[in-house]
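The residues making up each chain are set out below.
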Amino acid sequence: MSRLNPLDLLLEIDAAGSLSITAARLGKTVSAISKMLTALEQQLGCALVDRQARPLRLTDAGLVYLDAARRIRDALGETEDRLATERGHPSGRLRITTSVLFGTAALAHYVHTFHQRFPDVKVEVSLSDDYVDLARTDFDLAIRHEQRGGGQWIARPLCDNSAWLCASPDYLARAGMPEHPDNLDQHAMLVYHYPSLDTRWVLTHAGEQRLIEPRAALESDSNDFLITLALAGDGVLACPGWSVAHHVRNGRLRRCLSQWHFSSESYGDDQLWAVYPSSSRGTAKVQQFIDGLRDHLAQVLR
């Protein structure tokens, strides 16, 4: 960003929480960012940032200015998108945040296709398993395992997010196919664990319910890591269906207890959600990205 306008400056500072991080993101010195902020505050006649707070905190005046900056940015973005759509060429930046697993297992394949179709749209994807507050960032779209819509946010369902129990044919040849959830304690379990999430499994079928506290033979906070172990034959894994559907289709994994409905706080809602600001409802590139992603995921899970 060669020239930084005052609206973008405060948006960047609020998202970063420090002048040094803001400077690093924008390729400028801390001194340059500090001078820009000081000049803006002098122009307005009030302090916008509490520089003593760690992380930096906007003052009441700063929050008012920030709200105006977001509304102006969104309005300009919608106008640019509308003009681009009328020309038949969506363009501009599209910033997306999602989980590490979804980004690596499903989103990357779709982004490749989307970019081939709309080369003038610059897609930026940030992968994090931490909750990202859209109100404090400039992401256009979040793909989440929980709905969290309402208010200023729109949430659209993308696909089934149910978890599947899977194991490799080699493992099942050795240990046998579990016929009932009660048999799972006889198996090596590959367990996804993330701080603050309940790792217990709930399996339901025909009015019968079983609560399983999986005893981990191997445990990790990375589903990618655990999928690799499952493919290698190390045990039974629970994971979102979209992350392993291609392995099931090609026979590298087999579903276990497929007639049972699986749920766990570790995997979120039964639906995967696209969440975006209500101000972006008519933004062409956001809607085209979501529509295409829904079709892509339907093919993945077919």
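Look up a bit, the structure's there.
Below is a short write-up of the structure. Since the model is a prediction, treat every value here as computed from it, not as a measurement.

### A word on the overall build of the protein chain
Looking only at helices and strands, the protein chain has 9 helices and 15 strands in total. For the protein chain, the spread of C-alpha atoms along the three principal axes comes to 75 × 50 × 35 Å. A burial count over the protein chain gives 43% of its 302 residues as buried. Put simply, of all contacts in the protein chain between residues at least 6 apart along the chain, 75% involve residues at least 24 apart. Summed over its atoms, the accessible surface of the protein chain is roughly 15300 Å², and 49% of this surface lies on carbon and sulfur atoms.

### Considerations on the packing of aromatic side chains
In total, this model carries 8 aromatic pairs according to the counting rule given. Each ring, one from Tyr110 and one from Phe289, has its centre 4.9 Å from the other, and the planes form 75°; the classification is edge-to-face. Separated by 179 residues along the polypeptide, Tyr110 in helix H5 (residues 100-117) and Phe289 in helix H9 (residues 284-300) bring together distant segments of the chain. Look at Phe289 and you get buried, because its relative accessible area is 0%. Arranged with centres 4.9 Å apart and planes meeting at 70°, the rings of Phe114 and Phe289 form a pair that is edge-to-face.

### Let's talk about empty space enclosed by the protein
In the structure shown here, the tally under the stated rule is 2 cavities of 30 Å³ or more. Volume-wise, the largest cavity comes out at about 50 Å³. Breaking the lining of the largest cavity down by element, the ones donating at least two residues are helix H1 (6-16) and helix H4 (60-86). Top element by residues in the lining of the largest cavity is H1. It accounts for 4 residues.

Parameters at a glance
Residues numbered from 1 in each chain as written. Predicted model: local features only at pLDDT ≥ 70, side-chain atom pairs only at ≥ 80, totals over all residues. Heavy atoms only, no water. Helix = DSSP H or I, 4+ residues; strand = E, 2+ residues; numbered from the N terminus. Buried < 20%, exposed > 50% of the residue type's maximum accessible area, 1.4 Å probe, protein only. Contact = heavy atoms within 4.5 Å. Areas by Shrake-Rupley, 256 points an atom, 1.4 Å probe, with all protein chains shown as cover. Phe/Tyr/Trp six-rings, centres within 6.5 Å; stacked < 30°, edge-to-face > 60°. 1 Å grid on protein atoms, 1.4 Å probe; cavity = no way out; pocket = protein on both sides within 12 Å on 5 of 7 lines; lining within 4 Å. Points joined across faces, edges and corners; volume = space filled by probe spheres on them.

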